[in-house]
Amino acid sequence: MIRTRFAPSPTGYLHLGGLRTALYTYLYARKHHGTFILRIEDTDQEREVPGAVQKIYDSMHAAGLTYDEGPDVGGDYGPYIQTQRRDTYPQYAKQLVESGGAYYCFCTKERLDEARAEADKKGEGFKYDKHCLHLPKEEVQRRLEAGEPHVIRQNVPLSGTASFEDALYGHVEVDCATLDDNVLIKADGLPTYNFANVIDDHLMGITHVMRGTEYLSSAPKYNLLYSSLGWTPPVYVHLPVVMADSTRKLSKRHGDPSFEDLLEMGYLRDAIINFIALLGWSPRSEREFFTLQELEQAFDLEGLSKAPSIFDMTKLTWFNGEYMRKLSPTEYLQIATPWFKKVLDPAKIDFNRLAELLQSRTEVLKDIPDMVDFFAAMPAFDAELYTHKKMKTDPAVALDALTKMRPVLDGIFDWTEAAIHDALMTAIAEAGLKNGQVLWPLRIAISGKASTPGGAIEIAYLLGKDETLARLDRSIAQLKQ
RNA sequence: GCCUCCAUGGUCAAGCGGUUAAGACGUCGCCCUCUCACGGCGAAAACAGGGGUUCGAGUCCCCUUGGAGGUGCCA
């Protein structure tokens, strides 16, 4: 039975790299009918962000990544929040101390910082000198009893190698001599990630660990822990990072959007998931559209890529446009309406028709207000907009056409698109003009914009007869000046 | 600095010893058309460099270069 876990630390938002890790982890479990678990890694008390845990639940829910076990859904392996498991770690640390796999260390932070600074100055890497490993047992005991602050460090062998097998990267091996004796239990009694991940993954029966490559080089060290404890390590799958560009990884600090940001901008959940899934994984076919359910079937480790990939907002936007078009008219109307309302009055504009016209033109919801605000108020525009080579128009042609069409429009009683269309077409034919010579200037005259969602007829209908005529009169007057 | 990993168009990527080196986004052109989109058609655009192995290398090995990650009482 496969058990996977997504184990974020509560930093306040779900970044896209984290979302992808969560997605792959989820998909792998679903594909194999396994169990997907959410675990909160909050052992760094100093970095605690209020409300961040709730945000993680919300984001997972918004993404559609339902977990079978987790802090807010329960499960047989809880608690699923590491600070609530604080009492379970020390016993394993002590077990390691007894077997020689770890030792107490009383060195102060200050002393270590100094040593680190010195090593840095010499251009060398810092490595703890195992000073406290050699303390007499009695002294250790005495200082412990005296309540002296201390940590527990992993005792990495001075020679030999440590290694592990990664499902993606294969055999990864390092010389123990290059490894540092990491802190396992901090002075505050809480475990570091280096220790907690090993203990919890084992205790929670995790069979496959999927996580970012930032852990690739420390994984051999974790394997040392597994063997000291006499445990079998899980299958590891390290995932390459998601980059913002060729040199920088995605980060909120540099203004890169989080999953929540994307949602707020009007990117669709399914589009984001689809795009993210393909960022680092390929179905090895030409297919590019997948629902979450379809991904649950299609996903596999073979399609994973080893190189970091760059998050391309442009392609996400394209995906989003495609998903917009896939929506039923009703669904589109529903999600677009709040954005219409930011600039338009539903009593004055036919949202239904507007939605029909806008759906194929919408890439991201946040763009909607700028696309439709001219319905609320006629923007100022340059008369040069009337000039269009292909339509064979310029301000003079426009003035003539608009003047001729004014009474035609005024004569329409039943203000429907069909009626406007027929009346205009008849008049255009009678006047011996080309469609573009009339329709282009008319659209400009009543919208003031070079591009609009819909042509002159649709715009006129949406504006209503009175407003259309009022705008037309104003534009004609301006042309005469 | 040291350690680990990675390397096909601008981007995502297929390829897993023999191909005219797919496809998608983006870009450009044409068509459709009352604008812009949508849609259709087409074009430009890549195996980082050098050595091997092999009859044959984008595919395997080594070196160089470039990039990423790690080197925290952060995860």
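Residues numbered from 1 in each chain as written. Chains lettered and ligands numbered in written order. Predicted model: local features only at pLDDT ≥ 70, side-chain atom pairs only at ≥ 80, totals over all residues. Heavy atoms only, no water.

A.B. asks: What should I look at first to understand the nonpolar core in this one?
C.D. replies: Ranked by internal contacts, the top residues of the largest apolar core, which has 101 residues, are F311 and F375. Residue contributions to this core peak at nine residues, all from helix 1 (residues 16–31). Among residues more than four places away in sequence, those in contact with F375 are L344, I349, L354, P453, I459, L462, L463 and R471. (Core = buried A, V, L, I, M, F, W, Y, C linked by side-chain atoms within 4.5 Å. Buried < 20%, exposed > 50% of the residue type's maximum accessible area, 1.4 Å probe, protein only. Helix = DSSP H or I, 4+ residues; strand = E, 2+ residues; numbered from the N terminus. Contact = heavy atoms within 4.5 Å.)

A.B. asks: Any chance you could explain the sheet that holds strand 4 (residues 151–154) here in plain terms?
C.D. replies: The strands making up a sheet associate through hydrogen bonds between their backbones, and the pairing can be parallel or antiparallel. If you trace the three strands from one edge of the open sheet to the other, you get 3-4-7, paired in antiparallel fashion. Strand pairing shows two members of the sheet lacking a second neighbour, strand 3 (102–105) and strand 7 (183–185), which therefore form its edges. Taken pair by pair, the neighbouring strands of this sheet meet at an average axis angle of 45°, ignoring direction. Bridging between strand 4 and strand 7 involves two bridges; their strand directions are antiparallel. (Pairing = 2+ DSSP bridges. Axes fitted to C-alpha atoms, helices over the stretch in contact; angles between N-to-C directions.)

A.B. asks: Any chance you could explain the pairing of strand 1 (residues 3–6) here in plain terms?
C.D. replies: Looking along a regular strand, one sees side chains alternate from face to face of the sheet. With burial as the criterion, each face of strand 1 is covered, one bearing R3 and R5 and the other bearing T4 and F6. In this fold, strand 1 hands off to helix 1, which returns the chain to strand 2 (residues 35–38); that crossover is right-handed. (Right-handed = clockwise from strand over helix to strand, strands pointing away.)

A.B. asks: Before we go on, may I ask you to explain the protein's contact with RNA strand B in this structure?
C.D. replies: Within the structure, RNA strand B sits among 66 residues, and T43, G280, R361, K390 and G454 are positioned closest to it. The sugar-phosphate backbone supplies 71% of the atoms of RNA strand B found within 4 Å of the protein. Between RNA strand B and the protein, one listed contact pairs a base nitrogen with a backbone N or O atom of C107 at 3.2 Å. T247 places a main-chain nitrogen or oxygen 2.8 Å from a phosphate oxygen of RNA strand B. The greatest single-element share of the surface near RNA strand B, amounting to five residues, is contributed by helix 11 (residues 313–326). Its residues placed into classes, the surface near RNA strand B shows 24 nonpolar, 20 polar and 22 charged. (Near = heavy atom within 4 Å. Polar contact = N/O pair within 3.5 Å; in protein donor to acceptor, adjacent residues only side chain to side chain. Nonpolar A, V, L, I, M, F, W, Y, C, P; charged D, E, K, R; others polar.)

A.B. asks: Hey, could you run me through the environment of T4 in this one?
C.D. replies: For T4, the location among the structural elements is in strand 1. Classification of T4 as buried rests on a relative accessible area of 0%. What T4 contacts, discounting residues up to four positions off in sequence, is T25, Y28, A29, T35, F36, I37, I206 and H208. Of the polar contacts made by the side chain of T4, one reaches the backbone oxygen of T25; its length is 3.1 Å.

A.B. asks: What exactly am I supposed to notice about the pattern of salt bridges here?
C.D. replies: Any two side chains of opposite charge can pair, so long as their charged atoms come close to each other. On inspection of all chains with the given rule, the structure shows 26 salt bridges. Measuring nitrogen to oxygen at the nearest pair gives 2.6 Å for the salt bridge that ties R284 to D300. Linking R284 in the loop between helix 9 (269–277) and helix 10 (292–298) with D300 in the loop between helix 10 and strand 11 (309–310), this pair joins segments that are 16 residues apart in sequence. With relative accessibility at 16%, the residue D300 sits in the buried group. Among the ionic pairs, D400 bridges to K404, the shortest N-O distance being 3.1 Å. Of the two residues, D400 and K404 are both situated in helix 15 (residues 395–410); the distance of four residues between them amounts to about one turn of the helix. Each of R5, R39, E41, R85, D200 and D201 takes part in salt bridges that share partners, so that together they form one network. (Salt bridge = Lys/Arg side-chain N within 4 Å of Asp/Glu carboxyl O.)

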